[in-house]
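In case you want the letters, here they are:
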Amino acid sequence: MTSQVDLYQQVILDHNKKPRNFKKLESHTHAAEGFNPLCGDHLWVYLQIAKSPDGADVIHEAAFEGSGCAICKASASMMTMALKGQSPGTAKTLFSEFQSLLKGELNPDTEAHSLGKLKIFSGIWQYPARVKCAALAWHALNGALSNQQTVSTE
Amino acid sequence: MTAASTQKLAVEEIRKDFPILSTTARGRPLVYLDNAATTLKPKSVVEAVQRHLLLGASNVHRGVHYLSEKATADFEASREKVRSFINAREKAEIIFTAGTTAGINLVAHSYGSLLKAGDEIIISAMEHHSNIVPWQMLCERQGLTLRVVPVNDRGELDLTALEQLINQKTRLVAIVAVSNALGTINPIKHIIDLAHSHDVPVLLDAAQAVAHIPLDVQTLDVDFLVFSSHKLFGPTGLGVLYGRRELLDRMPPFLGGGDMIRSVTFAKTTYAELPAKFEAGTPHIAGVIGLGAAIDYVNHVGLAAIAAAEDELLHYGKRCLSEIPGLRMIGTAEHKTSIFGFVLDDIHPHDIGTLLDQEGIAIRAGHHCTQPLMDRFGVPATARASLAFYNTKSEIDSLVQAILKVQRLFA
Ligand SMILES: Cc1ncc(COP(=O)(O)O)c(C=O)c1O
């Protein structure tokens, strides 16, 4: 039979149905729009970055809004949860680790990473057509952190 | 024999001609419902291609040796099969191209070069990108204007609007015969007559029509007709452009190179007669031979029987799918082929596509290269099940069960 992983696990279905931090963040300091022309997935990622008492930058709030498939929305929702309280540097590390995960280059069970619950997206590399869906919010995040306003996964 | 009994008699036998139908996908029996993307290939087509490549490979129109003469004869025999299949007056009106897209680009460049700033081209809101973008590029190059016939809520062309759009400046109506996203069968004869009453030629994009409805270019009186071999059970990378001789004769060549010339000197090159004038370079010989075998196959089954079987699938599918709560059909034209475009409440088409794939069911999810049409219906994408005559009612049942399962998962 198949060794296919189950893409649509309960966690993903739940985040799709009740996306967390699903709103426009009026007080954002960074924002970017992500668009996947191939499937029409379209979202905005907002960050509120401020100095913590020790003078380092911290992501106080992360949010998103838009429309897309379940994989796209769940990925965005879980991303916003993972970002809160992190430094922009850590966010960039998460971004690159998540990229490696999506490409099947990082085995979350045997290699060190800080992805936590995000590792649920491992195995999506078996569905090449859907990798972009999971990556969209993260590309928007990367755009926001790099002060790039629009990103496209094309 | 009635259409229904034709189908019941033949379908299990017919399925044996397509070995892929007995394979599995994701560990499940394959249910192939993506025929609008490409049709499956019967064994006879693969065997014809294989025979040529293994035992007859040679260039055409060039050699004096045995193999080349044999390949040329087979190649030209396929052209005759195409001619007869669409009932063109002469073989010279059958141009082999790389596909529907290539055929439309050829016309947009060559016929387009005869047009001037201010002229107008009419297309419709349900065109495939390949019947939009080449015209936009022409308009950009030469200052023409593109006019678009709107589509109603059922996915039918607004013929009154078409009538109003045709004017003194119109130089071409380029319309899809059957919509790949909606399945709508357009009233092509009516459109052609209307355009001709204003002396405007018509190009038909027959990519989705050619394997499903009989097309007779003389009865239709159409000026250009394009289709792809791979949607007619033949190989990919190959297509046909039919053009009325008077027009093709007036048009300059598109691509220059070998085979399309009469004589070449640095001072002056003269061009070959039709169809060679439009067939520069070594053609897709194996593909053309395969297409010939595909046409033999369709003739053997019979296009009328094919259409009847698909009509039965259409009606059965329409009834079954319409009973699914939360399913909205996109494309409910009175006259349509067995293409079902649909969306489900609160479930993205890509999720539907992936989940059906896990059941071994191949459909397409996306915009189907018809983004303006998706905009028209206010959806980013649709799920599309497209059936061919080798599909069965029980495969439609599998589709329905799988859709219900998706809905349960997302409930
Ligand atoms: C209606 C229609 N026109 C044009 C095309 C383009 O055909 P091809 O990609 O074979 O050139 C297609 C194929 O998807 C189609 O369905």
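Residues numbered from 1 in each chain as written. Chains lettered and ligands numbered in written order. Predicted model: local features only at pLDDT ≥ 70, side-chain atom pairs only at ≥ 80, totals over all residues. Heavy atoms only, no water.

Visitor: Sorry, what's going on with the overall build of chain B here?
Guide: Assigned secondary structure in chain B consists of 14 helices and 17 strands. In chain B, buried positions account for 57% of the 411 residues. On chain B, roughly 16,400 Å² of surface is accessible, and the fraction owed to carbon and sulfur atoms is 56%. Of note, chain B has its 39 positive side-chain charges centred 3 Å away from the centre of its 44 negative side-chain charges. (Helix = DSSP H or I, 4+ residues; strand = E, 2+ residues; numbered from the N terminus. Buried < 20%, exposed > 50% of the residue type's maximum accessible area, 1.4 Å probe, protein only. Areas by Shrake-Rupley, 256 points an atom, 1.4 Å probe, with all protein chains shown as cover. Lys, Arg positive; Asp, Glu negative; His and termini not counted. Charge placed at Lys NZ, Arg CZ, Asp CG, Glu CD.)

Visitor: I'm lost on the site of the ligand in this one. Help?
Guide: Residue and element names in this part refer to chain B. The full set of residues close to the ligand is T100, T101, H128, S130, V176, N180, D205, A207, Q208, S228, H230 and K231. Within the backbone of T100, a nitrogen or oxygen atom sits 3.4 Å from an oxygen atom of the ligand. Contact distances for the ligand include 2.8 Å between an oxygen atom and a side-chain N or O atom of H230. The protein chains hide 85% of the 400 Å² of surface that the ligand would expose on its own. Partitioned by chemical class, the residues of the shell around the ligand number 2 nonpolar, 8 polar and 2 charged. (Near = heavy atom within 4 Å. Polar contact = N/O pair within 3.5 Å; in protein donor to acceptor, adjacent residues only side chain to side chain. Nonpolar A, V, L, I, M, F, W, Y, C, P; charged D, E, K, R; others polar.)

Visitor: How do you make sense of the sheet that holds strand β9 (residues 224–228) of chain B when you look at a structure like this?
Guide: Whether parallel or antiparallel, the strands of a sheet pair through hydrogen bonds between backbone atoms. All names here are of chain B. Ordered in space as β4-β10-β9-β8-β7-β5-β6, the 7 strands form an open sheet in which the pairing is mixed. Two strands close off the open sheet at either side, each with one partner strand: β4 (94–97) and β6 (145–149). With strand direction ignored, the average angle separating the axes of adjacent strands in the sheet is 20 degrees. Where strand β8 (residues 202–205) meets β9, 3 bridges bridge the pair, whose relative direction is parallel. Bridge pairing in β9 places L203 opposite F224. In the packing of helix α4 (residues 100–110) onto the sheet, contacts are made with β4, β8, β9 and β10 (239–243), and the angle to β9 comes to roughly 150 degrees. (Pairing = 2+ DSSP bridges. Axes fitted to C-alpha atoms, helices over the stretch in contact; angles between N-to-C directions. Contact = heavy atoms within 4.5 Å.)

Visitor: What is the right way to look at the interface of chain A and chain B in this model?
Guide: Think of interface size as the accessible area that goes away when the parts come together; that is how it is often given. Contacts between the two partners involve 21 residues from chain A, matched on the other side by 15 residues from chain B. Around 1,400 Å² of area is buried between chain A and chain B when both sides are counted, 55% of it from carbon and sulfur atoms. Across the pair A:R130 and B:D351 runs a salt bridge whose closest N-O atoms are separated by 3.0 Å. Our enumeration of links across chain A and chain B arrives at 9 residue pairs in polar contact (both at pLDDT 80 or more). Going through the elements one at a time, α1 (10–17), α2 (70–83) and α4 (128–145) of chain A are the ones with two or more residues in the side of chain A that touches chain B. With 3 residues, the single largest contributor to the side of chain A that touches chain B is α1(A). Split into classes, the residues belonging to the side of chain A that touches chain B amount to 13 nonpolar, 5 polar and 3 charged. (Buried area = accessible area lost by both parts, 1.4 Å probe. Salt bridge = Lys/Arg side-chain N within 4 Å of Asp/Glu carboxyl O.)

Visitor: For this particular structure, what's the right way to read the confidence of the model for chain A?
Guide: Low pLDDT marks regions whose predicted coordinates should not be analysed in detail. Model confidence for chain A is summarised by a mean pLDDT of 91, while 95% of its residues fall at 70 or above. Put simply, strand β4 (residues 150–152) of chain A is where chain A has its lowest mean pLDDT, 77, and α2(A) is where it has its highest, 97. (pLDDT = per-residue confidence, 0-100.)

Visitor: Looking at this structure, I do not really get α2(A). What am I missing?
Guide: Helical periodicity: at 3.6 residues per turn, an α-helix aligns residues three or four positions apart in one direction. Residues and elements named next belong to chain A. Taking 1.5 Å per residue as the helical rise, α2 with its 14 residues ought to reach 20 Å, and the 20 Å between its terminal C-alpha atoms agrees with that figure. Across the 14 residues that make up α2, a large majority, 12, are buried. Burial in α2 covers these residues: A70, I71, C72, K73, A74, S75, A76, S77, M78, M79, T80 and L83. (Expected span 1.5 Å × (residues − 1).)

Visitor: Can you walk me through the domain arrangement of chain B in this structure?
Guide: All names here are of chain B. Under the domain assignment used here, chain B contains domain 1 (11–41 + 302–410) and domain 2 (46–299). Tallying the contact residues gives 38 residues for domain 1 and 36 residues for domain 2. Between domain 1 and domain 2 the total buried area reaches about 3,000 Å² when both faces are included, carbon and sulfur atoms providing 57% of it. Seen at the junction of domain 1 and domain 2, the total is 2 salt bridges. Linking domain 1 to domain 2 there are 26 residue pairs in polar contact (both at pLDDT 80 or more). The residue makeup of the side of domain 1 that touches domain 2, split by class, is 19 nonpolar, 12 polar and 7 charged. (Domains from an automatic or database assignment.)

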